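# Survey of secondary and tertiary structure
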Amino acid sequence: MLDRLRDALIRRLGTLSDRMVQAPASGPDLVNLEALRAKGNRCIAEENMLEAEYFFREALAVKNDDSKSLVCLGYVLKEQSRLSEARVALKRAIIASPQAPDEHEIHYMLGQISEQQEDLRGAAMHLNESLRIKPDFSRACKYLFQLHEKLGELHSIRGLLEQCVSRSPQCSDYRVWLSDLCENEIDFQGVIEHLTIAVDLGVRTVNVYKTLGAALCRVGKVSEGRQTLELAEAMDPTIAAEKHYHIGYYHLQNGSLQGGLNHMENAISLRPDLLSAHSSILMALSQGGADGVASYRDAAQRFAQVVIDQIKKPLPERQPVIAEEHGIGSRKLRVGFVSGEFYSHPVTFFLQDVLKNLDKTQLHLVAYSNNAFDDAATESIQVLFDEWHSI
């Protein structure tokens, strides 16, 4: 009780001292100010936020508009989840020292506070201001597009990154993130454009070379793609299988069946569980007519064995979830399946055995069917669900 009273008094005294008009600190006062800030920073390093708060408030008693102390005070208050107090301290820091070198960090923290207070628009406003002040502040950009995801504004993310690139064309992070978006949108030319610039800016990682090499193969530049994939392989030999897969994919797409199959087989020999190589072989052989039936059957059986072996692998140990602690009680977990192929289609063929082997005492299965038509296979799979909805 006495400790809480003491803490409250310290905070109240700090608040009152903030309101006092003081002469600028000089001489011994300035030395004392720097010493108090140093003590506060040591407390932050030791994660002792309450003591840190005390020293920063003491520093503000020496100089009540010291922006560095205000920023640090705002941080320790934020870490204590005293968000409204933290906001006041950080805004006072901006007023005390406009255009301070760390103003972008202040707006970043204000964005964090706004998000914790469930004001996502306010958070976005502060992060935009942070990027206006420091265009290459990639941490703020990443945080901002995560906010856009939470707001359901996925369409805004690409525009945000393109704006960041226009303001700071030398920031390699922006180029890499834009290439990720382009890859998701199957825009391989965009991937090539942004990753080529990222490499020129000094980003030479396995993932960048691997993604760039794959994109070059997809647009038909297989020689450049091979060279780029080999740069990735030199850094990480384990990606050799993926190199063969991407080169093989190019050959298959351009009518070179045997060349494509050879590369896919090389990929599987290096990495037997590379599912994309197995499925590409099946797709290629399915177009081979009656002469390829035996080869297709053998490839399908090999693929099935790989999948079975993966299923049989023991799952990593996980901390058990106590249902009652999470308010779940005895309720089953609802699992939804959305598909437009709940008819005579490989999806239905392969999914049936999976559904039959799920534990129905723990799961409630819901189907959302977008079929263009239903048939006998639809009826056979429908009975395996607890609910069926046509959408």
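Our structure's up above, just so we're on the same page.
In what follows, the accompanying structure is described.

This paragraph deals with the overall build of the chain. Along the chain, the regular secondary structure elements total 19 helices and three strands. Across the 391 residues of the chain, 41% fall into the buried class. Look at the contacts in the chain between residues 6 or more apart in sequence, and 52% of them connect residues 24 or more apart. Accessible surface for the chain amounts to roughly 22,600 Å². Of this, 53% is attributable to carbon and sulfur atoms.

So, about the pattern of salt bridges. This structure, assessed with the given rule, holds 21 salt bridges. A salt bridge links R158 to E185, with the nearest nitrogen and oxygen atoms 2.4 Å apart. Here E185 lies in the loop between α10 (172-184) and α11 (188-200) and R158 lies in helix α9 (residues 155-167), a separation of 27 residues in the sequence. Under the relative-accessibility criterion, R158 is labelled partly exposed at 22%. Here E242 makes a salt bridge to R271, at a shortest N to O gap of 3.9 Å.

Below, the discussion takes up the sheet that holds strand β1 (residues 333-339). In space, the three strands of this open sheet follow the order β1-β2-β3, with parallel pairing throughout. A strand with exactly one partner marks an edge of an open sheet, and here the two such strands are β1 and β3 (387-390). For this sheet, the mean inter-axis angle between neighbouring strands, taken without regard to orientation, is 20 degrees. Both strand β2 (residues 363-369) and β3 contribute to a ladder of four bridges, which runs parallel.

Right, let's get into the environment of S69. Residue placement: S69 occurs in helix α4 (residues 67-79). Once the C-alpha coordinates of S69 and A89 are considered, the two residues, 20 residues apart in sequence, prove to be 9.1 Å apart. Every residue in contact with S69, bar those within four places of it in the chain, is listed here: L33, R37, F56, A59 and L60.

Right, let's talk about the state of the cysteines for a bit. Here a disulfide denotes a covalent bond joining the sulfur atom of one cysteine to the sulfur atom of another. Within the structure shown, the criterion is met by zero disulfides. We note that C164 lacks a disulfide partner, and the nearest cysteine sulfur, in C141, lies 3.4 Å from it. Residue classification places C164 among the buried positions, given a relative accessible area of 2%. Summary of cysteine pairing: C171 is not part of a disulfide, and the nearest cysteine sulfur, belonging to C141, is at 7.7 Å. We classify C171 as buried; its relative accessible area is 9%.

A word on unusual backbone geometry. Positioned with a positive phi, E47 is a non-glycine residue whose angle comes to about 60 degrees. Along the chain, the position of E47 falls in the loop between α2 (28-45) and α3 (49-62). A positive phi is found at S81, a non-glycine position, where the angle reads about 65 degrees. Mapped onto the elements, S81 comes out in the loop between α4 and α5 (83-96). Relative accessible area serves as the criterion here: at 55%, S81 is assigned to the exposed category.

This brings us to the side chain of E53. Counting through the fold element by element, E53 comes out in helix α3. At 3.3 Å, the side chain of E53 and the side chain of Q80 are in polar contact. Within the structure, the side chain of E53 is placed 2.7 Å from the side chain of R82, a separation counted as a polar contact.

Here we come to helix α7 (residues 120-133). The end-to-end C-alpha distance of α7, which contains 14 residues, comes to 20 Å, matching closely the 20 Å that a straight helix rising 1.5 Å per residue would cover. Here α7 has its buried residues at G122, A123, A124, H126, L127, S130 and L131. In this structure, the buried side of α7 is in contact with α5, α6 (103-116), α8 (138-150), α9 and α10.

Rules behind the numbers
Residues numbered from 1 in each chain as written. Predicted model: local features only at pLDDT ≥ 70, side-chain atom pairs only at ≥ 80, totals over all residues. Heavy atoms only, no water. Helix = DSSP H or I, 4+ residues; strand = E, 2+ residues; numbered from the N terminus. Buried < 20%, exposed > 50% of the residue type's maximum accessible area, 1.4 Å probe, protein only. Contact = heavy atoms within 4.5 Å. Areas by Shrake-Rupley, 256 points an atom, 1.4 Å probe, with all protein chains shown as cover. Salt bridge = Lys/Arg side-chain N within 4 Å of Asp/Glu carboxyl O. Pairing = 2+ DSSP bridges. Axes fitted to C-alpha atoms, helices over the stretch in contact; angles between N-to-C directions. Disulfide = S-S within 2.5 Å. Polar contact = N/O pair within 3.5 Å; in protein donor to acceptor, adjacent residues only side chain to side chain. Expected span 1.5 Å × (residues − 1).

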